Amino acid sequence: MSAPHRTAEEIGRTAAGPRPVPSLGTQRAAADLSHVDTTLSNGLRVLAVRKATVPLVELRLWIPFAGDDALHPATAEVLAETLLTGSARRDRIEVDADLALIGGDLAAGVDPERLAVTGTSLADGLPTMLDVLADALTGASYADAEVERERERLIERIAVTRTQPRTIAREALQKHRYGDHPATREVPKAEDVAVVTPEQVRALHRASVLPRGSVLVLVGDIDPQAVIGDLEKALGGWASDRSAVRLPELPALTGGHVLLVPRAGAVQSQIRLSAQTVPRTDPGYAALQLANLAYGGYFSSRLVENIREDKGYTYSAHSGFEFTDQTAVVNVDADTATDATAAALLETRYELARLGLVPPTTDEVESVRQYAIGSLVTSASSQGGLAAQLSALAATGLGVEWLAGHPERLAAVTAEDVANAALEYFAPKRFTGVVVGDADVLAPKLKALGDVTVGEPAE
């Protein structure tokens, strides 16, 4: 006779009450990573790490790529789309064929801060991948036909992107935070892209695709010491006395009002709040990281429990850090139905205040600590994840040592440290931001909350 079926609730209880949840295991220390962190003769910083879990290599190239010219964002986007479409030695088909033979690929992308090239290949195909990369860096041809084709595709993609609520909200937040700073020009205008010429793209490459001040990360089944010589040989022709162009320093956020950006007829609103915090190099960053997780940084956070699980105002709510060069901010995001927007903003502010006035308990701190350490270890367990982590760190001067030592810093944070970080950095008055939505419906209620002003309609 089969055993009677028991529900999950019955399984989780005993005659004496609920079964105790097993304690979390001790996190293992980060494994030592054999690596080399050096600068090549052309000024390129190289971080090469051995992680021989599979016979592959991950490549991340980070080139500072700021510009003040009005057409810079559009020209930079076209450059990124056509950088790998041919050179003096290879046309587009030959680039694709050579990479296919080594099980590899290369792709380029750009934002106001940097031009990034990402790639992967079989470990024994690394010399070929480096040769293709060097070809693009030193002799990308930007053929007229290739530029025209990619420019037309880009125009179509931008037209769609600019209609997306999240894009509209991001642009509104950037302009509200930083005004006309170059960092705000994340999505170029289609009409600007339409007038970009191949010669303008070639000129931008000559002026800005530079090794000095850039960072190359290699992670995989490699010998870190030996690969430095391979890089000197492969990239020796990529040289300049000038340095890559970094973004001007961002102005510090001082908090203030929330701007209601009208979007007539919208059935959903985007809430975007932001406040200045400290970078990863600050001694208080680990405590701040745990405070953010407790507030809105993971699914069991206070914000999610309140406006998603309890009140159903939003499907997703999140808070997290945004790092730009040497500065850092914490952002709070939530998309809500129009009729729930004012209540969601009220509860979002309430949870900000509560985090400082009723700080995370010891149990909350331990939960977010385990989550932070576990997610860090998990994200760095693959070659691609480790390469992405190190690329982000290396762009601000950090490296393997910071990554390896961060679990210990997280483990050392006390509940009091988290409480102090919450009180200092999550006070509602520190936050500014935008709400994008139907102003005719939203304005009366949002104004009643205080510190909300109505701005110009979204473009």
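Fair warning: this is a prediction, and the values are worked out from it, not measured in the lab. (Residues numbered from 1 in each chain as written. Predicted model: local features only at pLDDT ≥ 70, side-chain atom pairs only at ≥ 80, totals over all residues. Heavy atoms only, no water.)

### A word on the overall build of the chain
Helix and strand content of the chain: 17 helices and 14 strands. Against the globule reference of 23 Å for 459 residues, the chain gives a C-alpha radius of gyration of 25 Å, in line with a compact fold. Dimensions along the principal axes, computed over C-alpha positions, put the chain at roughly 75 × 60 × 55 Å. Within the chain, buried positions represent 51% of all 459 residues. Restricting to contacts in the chain with at least 6 residues of sequence separation, those with at least 24 account for 80%. When the accessible surface of the chain is summed, it comes to about 21,200 Å², and 54% of that surface belongs to carbon and sulfur atoms. Mean positive and mean negative side-chain charge positions of the chain (43 and 61 charges, respectively) differ by 3 Å. (Helix = DSSP H or I, 4+ residues; strand = E, 2+ residues; numbered from the N terminus. Rg over C-alpha atoms; globule rule 2.2 N^0.38 Å. Buried < 20%, exposed > 50% of the residue type's maximum accessible area, 1.4 Å probe, protein only. Contact = heavy atoms within 4.5 Å. Areas by Shrake-Rupley, 256 points an atom, 1.4 Å probe, with all protein chains shown as cover. Lys, Arg positive; Asp, Glu negative; His and termini not counted. Charge placed at Lys NZ, Arg CZ, Asp CG, Glu CD.)

### Some thoughts on the domain arrangement of the chain
Taken as a whole, the chain is organised into domain 1 (35–236) and domain 2 (258–454). For domain 1 versus domain 2, the distance between C-alpha centres works out to 30 Å. On the side of domain 2, 35 residues touch domain 1, which itself brings 29 residues to the contact. Both sides of the domain 1 and domain 2 interface together cover about 2,500 Å² of buried area, and 60% of this is carbon and sulfur. (Domains from an automatic or database assignment. Buried area = accessible area lost by both parts, 1.4 Å probe.)

### Overview of the nonpolar core
One finds Leu 59, Leu 61, Ile 63, Phe 65, Leu 106 and Leu 231 to be the most contacted residues of the largest nonpolar core, which totals 55 residues. Of the residues forming this core, the biggest block, eight residues, is contributed by helix 4 (residues 126–139). In this structure, Leu 106 is in contact with Leu 59, Leu 84, Leu 99, Val 117, Thr 118, Gly 119, Met 129, Val 132 and Leu 133, ignoring residues within four places of it in sequence. Listed in part, the 44 residues of the second largest apolar core include Ile 271, Leu 355, Ala 372 and Leu 410. (Core = buried A, V, L, I, M, F, W, Y, C linked by side-chain atoms within 4.5 Å.)

### Remarks on the pattern of salt bridges
For the structure on display, the rule yields 31 salt bridges. In this structure, Arg 45 engages Asp 37 in a salt bridge whose closest nitrogen and oxygen atoms are separated by 2.7 Å. Residue Arg 45 is classed as buried on the basis of its relative accessible area of 15%. A salt bridge links Asp 325 to Arg 246; the shortest N-O distance between them is 3.1 Å. Here Asp 325 is found in the loop between strand 11 (314–324) and strand 12 (327–337), whereas its partner Arg 246 is found in the loop between helix 9 (224–235) and strand 9 (258–262), with 79 residues between them in sequence. (Salt bridge = Lys/Arg side-chain N within 4 Å of Asp/Glu carboxyl O.)

### Considering a nonpolar patch on the surface
On the surface, Leu 357, Val 358 and Leu 423 cluster together to form a nonpolar patch covering roughly 310 Å² of accessible area. Tracing the backbone shows Val 358 in the loop between helix 12 (341–357) and helix 13 (362–379). In this structure Val 358 comes out as partly exposed when scored by relative accessible area, which is 44%. (Patch = residues over 30% accessible without salt bridge, like charges linked within 9 Å, V, L, I, M, F, W, Y side chains within 5 Å.)

### As for helix 3 (residues 92–101)
The N-cap residue of helix 3 is Asp 91: its side-chain oxygen and the backbone nitrogen of Ile 93 are 3.1 Å apart. Remark: Gly 103 follows helix 3 within two positions and exhibits a positive phi of approximately 60°. (Polar contact = N/O pair within 3.5 Å; in protein donor to acceptor, adjacent residues only side chain to side chain.)

### Structural notes on the packing of helix 13 against helix 15 (residues 400–412)
Running from N to C, helix 13 and helix 15 point in directions that differ by 170°, and their axes come no closer than 10 Å. Taken together, helix 13 and helix 15 sit at an angle that is classed as roughly antiparallel. Touching Arg 369, Ala 372, Ile 373 and Leu 376 of helix 13 are Leu 403, His 406, Pro 407, Leu 410, Ala 411 and Ala 412, all from helix 15. Across the contact of helix 13 with helix 15, the residue classes tally to eight nonpolar, one polar and one charged. (Axes fitted to C-alpha atoms, helices over the stretch in contact; angles between N-to-C directions. Parallel < 35°, antiparallel > 145°, perpendicular 65-115°, else oblique. Nonpolar A, V, L, I, M, F, W, Y, C, P; charged D, E, K, R; others polar.)

### Describing the packing of aromatic side chains
All chains considered together, the criterion is met by seven aromatic pairs. Each ring, one from Tyr 295 and one from Phe 426, has its centre 5.8 Å from the other, and the planes form 45°; the classification is tilted. Here Tyr 295, found in helix 10 (residues 285–297), pairs with Phe 426, found in the loop between helix 16 (415–425) and strand 13 (432–437); they are 131 residues apart in sequence, far enough to count as distant. Phe 426 matches Tyr 295 in its accessibility class, with the two residues each being buried. Grouping aromatic residues by their ring pairs yields a cluster made of Tyr 285, Phe 321, Phe 323 and Trp 402. One residue, Arg 280, lies across the ring of Phe 323, its end atom 3.7 Å from the ring centre. Above the face of the Trp 402 ring, Arg 409 is positioned so that its terminal group lies 4.7 Å from the ring centre. (Phe/Tyr/Trp six-rings, centres within 6.5 Å; stacked < 30°, edge-to-face > 60°. Lys NZ or Arg CZ within 6 Å of the ring centre and 35° of its normal.)

### Thoughts on the UniProt feature "domain: Peptidase M16 N-terminal" (unreviewed entry) in the chain
Here the UniProt-annotated "domain: Peptidase M16 N-terminal" (unreviewed entry) positions come out as residues 76–187. Secondary structure over residues 76–187 splits into 56% helix and 13% strand, and the C-alpha atoms at its two ends are 11 Å apart. (UniProt positions renumbered as here; feature names shortened; annotations may be inferred.)

### With respect to the sheet that holds strand 13
What the six strands build is an open sheet, ordered 11-12-10-13-9-14; its pairing is mixed. With one partner strand each, in any of the chains shown, strand 11 and strand 14 (452–454) form the two edges of the open sheet. The mean angle between the axes of side-by-side strands here comes to 20°, regardless of whether they run parallel or antiparallel. Here strand 9 runs beside strand 13; their pairing, made up of five bridges, is parallel. In the strand pairing of strand 13, Leu 259 is matched with Val 434. (Pairing = 2+ DSSP bridges.)

### Points about the sheet that holds strand 3 (residues 35–39)
Two orientations exist for strands paired in a sheet by backbone hydrogen bonds: parallel and antiparallel. Taken in spatial order, the six strands of this open sheet run 3-4-8-5-7-6, and their pairing is mixed. Two strands in the sheet have a free side with no partner beyond their single neighbour: strand 3 and strand 6 (105–110). The average undirected angle you get between the axes of adjacent strands in this sheet is 10°. By the bridge criterion, six bridges tie strand 5 (residues 56–64) to strand 8 (residues 215–220) in an arrangement that is antiparallel. Bridging from a neighbouring strand, Arg 60 pairs with Val 217 of strand 8. Together, strand 5, strand 6, strand 7 (114–122) and strand 8 form the strand contacts of helix 4, whose direction differs from that of strand 5 by roughly 20°.

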